[in-house]
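Geometric and topological summary
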Amino acid sequence: MSFERTQEKLKILADAAKYDVSCSSSGSNRSNTSKGLGDSTGMGICHSYTEDGRCVSLLKILLTNHCIFDCAYCVTRKSNDIKRAAFKVQEVVDLTINFYRRNYIEGLFLSSGIFKNADFTMERLVAVAKKLRLEENFNGYIHLKSIPGASDELMREAGLYADRLSVNIEIPTTEGLRLLAPDKKREDFIKPMIKVKNEIIQYKAEKKVLKATPKYAPAGQSTQMIIGASGENDFQIMQTSNHFYKNYNLKRVYYSGYVPISYDNRLPQIGSEVPMLRENRLYQTDWLMRFYGFDVSEILNDQHRNLDLDIDPKLSWALRNLHEFPIDVNTADKRMLARIPGLGMTSVYKILNARRFRLLNWEHLKKIGIALNRAQYFMVCSSNQFERRDLTSEQIKGFILQNSTSKYRKTLSNQLSLFG
Ligand code: SF4
């Protein structure tokens, strides 16, 4: 295979992979073996940031962009007239090792269109990971895409070589999926997820008894949903996320604003704005559910089906629940402190720590680095002064927006102008 042809394949298959955002990692600790190559300890991938702030990169490609399916939202769908290419297993292995040795990447994210059938494709993805681990002693990060409908046996093998597995739900509701991807069935996504979940539990249990038990998908499994392609509201999207987190032990759900790529009257037309701000609000809501103790129904429900675009979901919840405030930072428990708009968990811990030594007032809070621009309207401390006074939620929102400098301000005004 000529260098030029490999280059061309790489261009086509890396470009086709860019629509998949489910590729950041966390929690893997596959450490280097004595003669091994690479070490994925604590890494994030896909130019994402690790918990210690490092930006790491990976080779993100498709094995092939040939596909037997015709999902309307996908650039790889069979009816799309595009250049096609396919890597051989050994080519992906060689590219990964070459890029790794040159320090271009710290891992591999490998997905694929479906050629022939699910098992035929999954078998090749597994073969890449297996060769990298067993023949090349590669200990860098590997994220493999699970192909919907792949057999249990292949899914079991995949987890033995990959750090993370993911199967993309793509469309948040069954109706949306039926409309845009009639070849696919919801069960095809669920089956590999259940398999992976059960294997993770089983391998962890066995490892407790037998230290030599290998790790199975140590960074867990994730999924991705496309936002804005099929008309779902935010309540439906977050209910789906909640369901998958709770029932399949997912590490992450990724939200990817739909990028219009085709003239199809089932989809937003080419030129429509990518819903970046909406995507960001969904991530914030996801975060509130996972780390701040919010139930999805507190943020979204039948009365409030879509997230506010102009303010973050915690502030929006607080403004709808002013009767819960002000919260006294000197006495409130962790759960309530975490509900104060503008306070992240780091600030919550700072407060809990500082108040062990003294009653906190505004000056103390500023000194320990608590940002008060939003929080001041929702809390009291050891001071007579209560910043919210008798303001209404609209007034508070107005003050906060006046002083905010959001990087999404431009997008917001564009999106709002659509309703003007
Ligand atoms: S099966 Fe996957 S790659 Fe094929 S068209 Fe559907 S989304 Fe695209």
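Note that the coordinates shown come from a computational prediction; the quantities given were computed from them, not determined experimentally. Position numbers for residues start from 1 in each chain and track the written sequence from start to end. Local features in this predicted model are restricted to residues whose pLDDT is 70 or higher, and side-chain atom pairs enter the listing and the counts only when it is 80 or higher, whereas totals over whole chains, interfaces and linings include all residues. Side-chain measures were taken over the full set of non-hydrogen atoms in the model, leaving aside hydrogen atoms and water.

Things to note about the sheet that holds strand β4 (residues 107-111)
Within the open sheet, the six strands sit side by side as β3-β4-β5-β6-β7-β8. Their pairing is parallel. For this open sheet the edge positions go to β3 (59-62) and β8 (252-257), each flanked by a neighbour on one side alone. Adjacent strand axes in the sheet meet at a mean angle of 20 degrees, parallel and antiparallel pairs treated alike. Sheet analysis places strand β7 (residues 221-227) next to β8, joined by six bridges and oriented parallel. Here, strands pair whenever DSSP counts at least two bridges between them. A run of H or I in DSSP becomes a helix once it reaches four residues, and a run of E becomes a strand once it reaches two; helices and strands are each numbered from the N terminus. A fitted line through C-alpha atoms represents every axis, and for helices the fit uses only the stretch in contact; the resulting angles, taken between N-to-C directions, go from 0 to 180 degrees.

Re the nonpolar core
Among soluble globular proteins, nonpolar side chains are generally buried collectively. Only buried residues count toward a nonpolar core, which is a set of Ala, Val, Leu, Ile, Met, Phe, Trp, Tyr and Cys residues joined through side-chain atoms within 4.5 Å. The cut-offs for exposure are 20% and 50% of the maximum accessible area for each residue type, with area from a 1.4 Å probe on protein chains only; residues under the lower value are buried, those over the upper are exposed, and the others partly exposed. Tyr 73, Ile 340, Leu 365 and Phe 378 are the most contacted members of the largest nonpolar core, which totals 68 residues. When residues in this core are grouped by element, the largest group, six residues, is from helix α7 (residues 234-248). Whether two residues are in contact is decided by their heavy atoms, any of which lying within 4.5 Å being enough. Each residue touching Phe 378, except ones within four places of it in the same chain, is listed here: Leu 315, Ala 318, Leu 319, Leu 322, Phe 325, Pro 326, Ile 327, Ile 340, Pro 341, Ile 396 and Ile 400.

A look at the pairing of β4
Burial runs high along β4: five of the five residues are buried. The handedness of a crossover follows from its direction of travel: if, with the strands pointing away from the viewer, the path from the first strand over the helix to the second runs clockwise, the crossover is right-handed. In this view, the connection linking β3 to its parallel neighbour β4 by way of helix α2 (residues 89-101) has right-handed handedness. Relative to strand β5 (residues 141-145), β4 is paired through four bridges, and the arrangement is parallel. Residue pairing for β5: Phe 109 is matched across the bridge by His 143. In the classification by handedness, the crossover that spans β4, the intervening helix α3 (residues 118-135) and the parallel β5 is right-handed.

A closer look at the site of the ligand
Residue proximity to a molecule or strand is established when one non-hydrogen atom of the residue lies within 4 Å of it. In the neighbourhood of the ligand, the contacting residues comprise Cys 67, Phe 69, Cys 71, Cys 74, Thr 76, Arg 77, Gly 113, Ile 114 and Lys 184. Split by residue class, the shell around the ligand holds five nonpolar, two polar and two charged. Residue classes follow a fixed rule: Ala, Val, Leu, Ile, Met, Phe, Trp, Tyr, Cys and Pro count as nonpolar, while Asp, Glu, Lys and Arg count as charged, and any other residue, Gly among them, counts as polar.

So, the packing of aromatic side chains
Each aromatic ring pair is summarised here by two numbers: the centre-to-centre distance and the angle between the ring planes. Working definition: a ring pair exists when centres of Phe, Tyr or Trp rings (six-membered ring for Trp) sit within 6.5 Å. Plane angles under 30 degrees give stacked, over 60 give edge-to-face, the rest tilted. Evaluated as defined, the whole model comprises eleven aromatic pairs. Note on Tyr 100 and Phe 138: the rings are 5.3 Å apart at their centroids and 90 degrees apart in plane angle, and the pair reads as edge-to-face. Taken together, the residues Tyr 100 in helix α2 and Phe 138 in the loop between α3 and β5 connect sequence positions 38 residues apart. Residue Tyr 100 is classed as buried on the basis of its relative accessible area of 15%. Between the aromatic rings of Tyr 377 and Phe 399, the centroid separation amounts to 6.3 Å while the plane-to-plane angle is 0 degrees, which identifies the pairing as stacked. One end of the pair, Tyr 377, is in the loop between α13 (362-367) and β10 (379-380); the other, Phe 399, is in helix α14 (residues 393-402), and 22 residues separate them in sequence. Looking at Phe 399, the relative accessible area reads 34%, which means it is partly exposed. Following the ring pairs from residue to residue traces out a cluster consisting of Phe 294, Trp 317, Phe 325 and Phe 378. Lys 60 extends its terminal NZ or CZ atom over the ring of Phe 109, reaching a point 5.7 Å from the ring centre. Consider the ring centre and the ring normal. A charge sits over the ring if Lys NZ or Arg CZ is within 6 Å of that centre and within 35 degrees of that normal. In this structure, Arg 124 packs its charged tip against the face of Phe 120, placed 3.6 Å from the ring centre.

With respect to the confidence of the model for the chain
Of all residues in the chain, 86% attain a pLDDT of 70 or more, and the chain-wide mean is 87. Counted against residues more than four places away or in other chains, residues 39-45, with its pLDDT under 50, gives 34 contacts. Below a pLDDT of 50 lies the segment residues 412-420, which in the model reaches nine contacts outside its immediate sequence neighbourhood of four places, other chains included. What pLDDT reports is the predictor's confidence in each residue, on a scale of 0 through 100.

With respect to the environment of Asn 198
The topology assignment puts Asn 198 in helix α6 (residues 186-209). Among the residues examined, Asn 198 registers a relative accessible area of 39% and is labelled partly exposed. Residues Asn 198 and Arg 156, spaced 42 residues apart in sequence, show a C-alpha to C-alpha distance of 9.8 Å.

Side note on the pattern of salt bridges
For this document, the term salt bridge refers to a Lys or Arg side-chain nitrogen within 4 Å of an Asp or Glu carboxyl oxygen. As enumerated under the stated definition, the model contains 18 salt bridges in all. Residue Lys 131 pairs with Glu 135 through a salt bridge whose shortest N-O separation is 3.4 Å. With Lys 131 and Glu 135 both in helix α3 and four residues apart, the pair spans about one turn of that helix. Note on Lys 131: relative accessible area 25%, which makes it partly exposed. The salt bridge involving Asp 264 is made with Arg 266; its shortest N-O contact spans 2.7 Å. Arg 266 sits in the partly exposed class, given a relative accessible area of 34%. What you see here is one network of salt bridges that share partners, running through Arg 5, Glu 8 and Lys 83.

Describing α2
Counted at 1.5 Å a residue, the expected span for α2 with its 13 residues is 18 Å, and the 19 Å between its end C-alpha atoms agrees. Buried residues in α2 make contact with α1 (3-17), β3, β4 and α3. Two residues or fewer past α2, Asn 103 is found with a positive phi of approximately 70 degrees. The span one expects for a helix is its residue count, reduced by one, times 1.5 Å.

A few points about the packing of α6 against α7
For the pair α6 and α7, the least separation of the axes is 10 Å and the interaxial angle reads 35 degrees. Residue-level inspection shows Arg 186, Ile 190, Met 193, Ile 194 and Lys 197 of α6 in contact with α7, the latter providing Thr 240, Phe 244, Asn 247 and Tyr 248. Residue classes in the contact of α6 with α7 are distributed as five nonpolar, two polar and two charged.

Points about unusual backbone geometry
Of the consecutive residues Phe 325 and Pro 326, the connecting peptide bond is found in the cis state with omega at 0 degrees. For Asn 137, which is not glycine, the phi dihedral falls at a positive 55 degrees. Secondary-structure assignment places Asn 137 in the loop between α3 and β5. Taking relative accessible area as the criterion, Asn 137 reaches 35% and is therefore assigned partly exposed.

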